Amino acid sequence: MAMKKNEIIENVKIALHEDIGSGDVTADLVDAHTIAEATLTCRDNAVLCGIDWFNEVFHQIDDSFGVDEYIDIKWQASDGDNIKHNQVICTLKGPVRSILMGERTAINFLQTLSAVSTNVAAFVDRIKNTKTKILDSRKTLPGLRYAQKYAVKIGGGINHRHGLYDEILIKENHLLASSSIEATVKKAKEKKLPITIEVEDLKQLEIALETDVDRIMLDNFSPPNICKAVAMAKGNIKLEASGNTTINNVHSIAGTGVDYISVGALTKNIEAIDFSMLVDLVYISR
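Note that the structure is predicted; figures quoted are calculated from it, not measured.

J.: Would you explain the overall build of the protein in this entry?
T.: Secondary structure summary: the protein contains ten helices and twelve strands in total. Counting all 286 residues of the protein, 47% fall into the buried class. Sequence separation of 24 or more characterises 72% of the internal contacts of the protein that already satisfy a separation of 6 or more. About 14,500 Å² of surface is accessible on the protein, with carbon and sulfur atoms providing 49% of the total. With 32 positive and 39 negative side-chain charges, the protein shows a spacing of 8 Å between the two charge centroids.

Here it is as structure tokens:
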């Protein structure tokens with residue numbers, strides 16, 4: 001997944017406007033010439049993600065507030081690194097007003113994206129002795145889809161479709177509004193995009209196996225029925241298991257031999273990673 005600078009710039013622009021608004025009235029109490037050195041520490045074990053968003057926060061603050069000196073950030077870890085409790089992640093040096101203005105927004109990005117990558121890494125590790133791959137979903141925070149899907153990749157997962165425009169996913173409600181699976185697939189082929197069709201039971205699967213699609217999603221199939229589906233498919237088409245997957249049952253699902261497991265919890269059931277920034281040294285620059 002290529003890094004999209006424009007997405008990052010827009011994410012940060014919106015977040016800073018939300019937080020700073022017309023200005024940081026508390027940071028204004030500090031002398032404009034005060035320079036600070038600060039340290040960012042992680043309080044959890046995690047997979048780090050979000051450095052580009054963190055950097056962009058301070059880049060935009062530097063540009064927006066016309067400071068005489070810019071914030072210099074020195075990283076001691078990279079996206080994808082396994083970081084430990086109380087590990088120093090980076091140090092910052094620059095105008096203390098700028099550091100104080102950007103601290104919360106920058107950490108918000110880092111704690112959220114690291115939470116996703118850490119969550120994904122746990123799922124991937126749980127099934128590492130199987131052939132199954134972990135997929136994400138569209139269950140992302142509004143406005144942060146690219147960012148969270150980037151974090152999924154950093155954690156070792158695979159991105160499903162990004163949105164409603166880059167892959168056809170024919171689900172139960174689409175079929176209820178259509179005449180048949182066969183007719184819906186035939187119409188979908190005209191768009192010349194990858195096609196996945198969701199099936200609710202083995203009977204629907206049997207019909208879907210006769211159509212020309214790229215993948216079949218098994219919606220809320222039990223592990224025994226997934227095993228039956230794998231046998232029916234005979235390796236001729238990729239199968240994706242979906243629905244109610246947790247860290248506790250993902251291994252049993254992967255053990256069926258299914259090709260993919262899509263997990264909405266990767267991006268929506270996350271617990272922020274705890275980062276702390278502390279100003280270590282302050283001096284006046286004149």
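J.: Even after reading the chapter, I still don't get unusual backbone geometry, so can you show me in this structure?
T.: The phi angle at Asn-86 is positive, at roughly 70°, despite the residue not being glycine. Among the secondary structure elements, Asn-86 is positioned in the loop between strand S4 (82–83) and strand S5 (87–95). The backbone phi angle of Lys-234 is positive, close to 55°, even though this residue is not glycine. For Lys-234, the position within the fold is in the loop between helix H8 (223–233) and strand S10 (238–242).

J.: Please clarify how the state of the cysteines should be interpreted in this entry.
T.: By definition, a disulfide is the covalent link that joins the sulfur atoms of two cysteine residues. On inspection of all chains with the given rule, the structure shows zero disulfides. The closest cysteine sulfur to the non-disulfide-bonded Cys-49 is located on Cys-42, 13 Å from its own sulfur.

Thresholds, definitions, all that
Residues numbered from 1 in each chain as written. Predicted model: local features only at pLDDT ≥ 70, side-chain atom pairs only at ≥ 80, totals over all residues. Heavy atoms only, no water. Helix = DSSP H or I, 4+ residues; strand = E, 2+ residues; numbered from the N terminus. Buried < 20%, exposed > 50% of the residue type's maximum accessible area, 1.4 Å probe, protein only. Contact = heavy atoms within 4.5 Å. Areas by Shrake-Rupley, 256 points an atom, 1.4 Å probe, with all protein chains shown as cover. Lys, Arg positive; Asp, Glu negative; His and termini not counted. Charge placed at Lys NZ, Arg CZ, Asp CG, Glu CD. Disulfide = S-S within 2.5 Å.

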